[in-house]
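Remarks on the overall topology
Take a look at the letters that make up each chain.
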Amino acid sequence: MDSTATPAITPEDADVARAVRVLALLAEPTRFRIILATQYGPMSVNHLADIVERSPAAVSQHLAKLRAAGLVRRESHGNQAFYSAVDEHAIAIAHAVAMQAEHHADGTSSQHHAGENPT
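Residues numbered from 1 in each chain as written. Predicted model: local features only at pLDDT ≥ 70, side-chain atom pairs only at ≥ 80, totals over all residues. Heavy atoms only, no water.

**Notes on the sheet that holds strand β3 (residues 80-85)**
Selection rule: Strands were regarded as paired on the criterion that DSSP finds at least two bridges between them. Strands are runs of DSSP state E lasting at least two residues, helices are runs of H or I lasting at least four, and both sets are numbered from the N terminus onward. Contacts: residue pairs with any heavy atoms within 4.5 Å of one another. Axis definition: a line fit to C-alpha positions, over the contact stretch in the case of helices; interaxial angles, taken between N-to-C directions, run 0 to 180 degrees.
Overall, antiparallel pairing links the 3 strands, which are arranged β1-β3-β2 in an open sheet. Because the sheet does not close on itself, it has two edges, and the strands there are β1 (43-44) and β2 (72-77). The pairing of β2 with β3 spans 6 bridges and is antiparallel. Directly across from S76, in β3, lies its bridge partner A81. Those strands touched by helix α2 (residues 29-38) are β1, β2 and β3, and its axis lies near 90° from that of β3.

Laid out in structure tokens, this is it:
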């Protein structure tokens, strides 16, 4: 590796601060599970609460944080709100971390086999 090469992202980049905020949001188990659950389309707060095994009030608080960060979108249908993940990079991060945890748990290599899709 060339030691004179300039890294693509340096500590001064504003993107680093944003990346760390996203990682911090995803580091909370309920929010991590919400991102994975909402990646396929809109879900109500009550449905999400059932999936992530938390109260609707707790899920609403987590959704508010994810929405403020731009990771989920809220859609209203009548008097009900539905949420879906909209940040494809956050979804990819969640998948990659879940896959890494699975590999670590079952003792397999953390590197993907050639041709394996990480998402």
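From this point, the discussion proceeds with the structure in view.
**Overview of the pairing of β3**
Threshold: Accessibility here uses a 1.4 Å probe with only protein chains present; expressed as a share of the type maximum, an area under 20% marks a residue as buried, one over 50% as exposed, and anything in between as partly exposed.
Of all 6 residues in β3, 5 are buried, a share of seventy percent or more. As defined by bridge partners, β1 adjoins β3 across 2 bridges and the pair is classed as antiparallel. In the sheet register, S44 faces β3, and the bridge partner there is F82.

**A word on the nonpolar core**
Across soluble globular proteins, you tend to see nonpolar side chains buried next to one another. The test is simple: Working definition of a nonpolar core: buried Ala, Val, Leu, Ile, Met, Phe, Trp, Tyr and Cys residues. They are joined through side-chain atoms within 4.5 Å.
Judged by nonpolar contacts, the single largest core of 24 residues is most densely connected at I35, L48, V59, L63, L71 and Y83. Elements supplying a minimum of two residues to this core: α1 (14-26), α2, α3 (45-52), α4 (56-68), β3 and α5 (88-106). Apart from the residues within four sequence positions on either side, L48 is in contact with A37, T38, M43, V59, L63 and Y83.

**Notes on the side chain of R31**
To keep things clear, this is the line we draw: His is not counted, nor are the chain ends; Lys and Arg add positive charge and Asp and Glu add negative charge. Definition used for salt bridges: Asp or Glu carboxyl oxygen within 4 Å of a side-chain nitrogen of Lys or Arg.
Inspection of the secondary structure puts R31 in helix α2. There is no salt bridge for the buried R31, and the closest opposite charge comes from E28, which lies 4.6 Å off by N-O distance. Leave out the neighbours within four places in its chain, and R31 touches A24, L25, H62, K65 and L66.

**Remarks on the confidence of the model for the chain**
Definition in use: The predictor's confidence in any single residue is recorded as pLDDT, a number from 0 to 100.
Here the chain shows a mean pLDDT of 85. Residues at 70 or above account for 80%. Mean pLDDT per element in the chain: α5 is the minimum at 86, and α4 is the maximum at 97.

**Observations concerning the environment of V22**
Tracing the chain through its elements places V22 in helix α1. Once the C-alpha coordinates of V22 and L71 are considered, the two residues, 49 residues apart in sequence, prove to be 8.5 Å apart.

**Regarding a nonpolar patch on the surface**
How we decide: Patch membership requires over 30% relative accessible area and the absence of a salt bridge. Like charges are linked within 9 Å, and nonpolar side chains (Val, Leu, Ile, Met, Phe, Trp, Tyr) within 5 Å. In these tables, accessible area is a Shrake-Rupley quantity obtained with a 1.4 Å probe, and a residue counts as shielded only by the protein chains included in the view.
Residues L23, I93 and V97 make up a contiguous nonpolar surface patch of about 230 Å² in total accessible area. Looking at the element boundaries, I93 is found in helix α5. A relative accessible area of 30% means that I93 is categorised as partly exposed.

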